[in-house]
Amino acid sequence: MTSSRDTTESATVRLNALILRGFQFLYPRNHKGELAAVVGVRAHDNVIDVVRLHDENDAIATRMPADEANVLVPTRYSWQRTGPACRVIEELLELPDDRTA
């Protein structure tokens, strides 16, 4: 059985891997000033990768064309995953850097 501490450490390792890949992070807050999500964005080659983490069990990652107008709610994308943060980040890290997926 995986403990909450193990999950947190695993997520931290994966987030650090995203930072090493060049992701920049935003920390949007709700109307009460509380953290609403952690959003990572990386533009490279002809794509933009975005990962949005709401909690350890609720994440979404998307790869979209570089000319997508709204990166937080894209209308076009070549790859997208939702689910637990560790799994979603892991799948994002497995994507090749040199094409649209």
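Okay, so let's go over this structure. Owing to the predicted nature of the structure, the values given are computational and were not obtained by experimental measurement.

Assigned secondary structure in the protein chain consists of 2 helices and 5 strands. The N-to-C order of helical and strand elements in the protein chain reads α-β-β-β-β-β-α. Put simply, 33% of the contacts in the protein chain that link residues at least 6 apart link residues at least 24 apart. Surface summary for the protein chain: the accessible area is close to 6,300 Å², and the carbon and sulfur share equals 52%.

This paragraph deals with the pairing of strand E3 (residues 47-55). As judged from the 7 bridges shared by strand E2 (residues 38-44) and E3, these two strands associate in the antiparallel manner. Considered in E3, the bridge of Gly40 is made with Val51. Adjacent in sequence and paired antiparallel, E2 and E3 are bridged by 2 residues, among which Asp45 carries a positive phi angle near 50°. For E3 and strand E4 (residues 58-65), the ladder comprises 8 bridges, and the chain directions are antiparallel. Along E4, the bridge assignment pairs Asp55 with Asp58.

This part takes up the pattern of salt bridges. Counting across every chain of the model gives 7 salt bridges. Note that Arg42 and Asp49 form a salt bridge whose closest N and O atoms lie 3.2 Å from each other. Exposure class is identical for Arg42 and Asp49. Each is buried. The salt bridge involving Arg76 is made with Asp67; its shortest N-O contact spans 2.8 Å.

One pass over the full model with this rule turns up 1 aromatic pair. Their ring planes at 35° and their centres at 6.5 Å tell us that Phe23 and Phe25 sit as a pair that is tilted.

Strand order across the open sheet formed by 5 strands is E1-E2-E3-E4-E5, with antiparallel pairing between neighbours. Across the chains shown, the open sheet's two edge strands, defined by having one partner strand only, are strand E1 (24-26) and strand E5 (79-83). Sheet twist, expressed as the average angle between the axes of neighbouring strands with direction ignored, equals 15°. Sitting on the sheet, helix H2 (residues 85-94) is in contact with E3, E4 and E5, with an inclination near 160° to E5.

Rules used throughout
- Just so you know, the residues in each chain are numbered from 1, in the order the chain's sequence is written.
- In view of the model being predicted, local features appear only for residues whose pLDDT reaches at least 70, and side-chain atom pairs are presented and counted only at 80 or more, with totals across whole chains, interfaces and linings using the full set of residues.
- Only heavy atoms go into the side-chain values, all of them from the structure, while hydrogens and water stay out.
- Helical segments are the DSSP runs of H or I of at least four residues, strand segments are the runs of E of at least two, and each set is numbered from the N terminus.
- We call two residues in contact whenever any of their non-hydrogen atoms come within 4.5 Å of each other.
- In these tables, accessible area is a Shrake-Rupley quantity obtained with a 1.4 Å probe, and a residue counts as shielded only by the protein chains included in the view.
- Paired strands, in this sense, are two strands between which DSSP finds at least two bridges.
- Salt bridge criterion: a side-chain nitrogen from Lys or Arg within 4 Å of a carboxyl oxygen from Asp or Glu.
- Each residue's exposure class comes from its accessible area (1.4 Å probe, protein chains only) as a fraction of the maximum for that residue type: buried when under 20%, exposed when over 50%, partly exposed otherwise.
- The pairing test for Phe, Tyr and Trp rings, Trp by its six-membered ring, is centres within 6.5 Å, and the orientation test on the planes gives stacked under 30 degrees, edge-to-face over 60, and tilted for anything in between.
- Angles here are taken between N-to-C directions and fall from 0 to 180 degrees, while the axes themselves are lines fitted to C-alpha atoms, restricted in helices to the stretch in contact.

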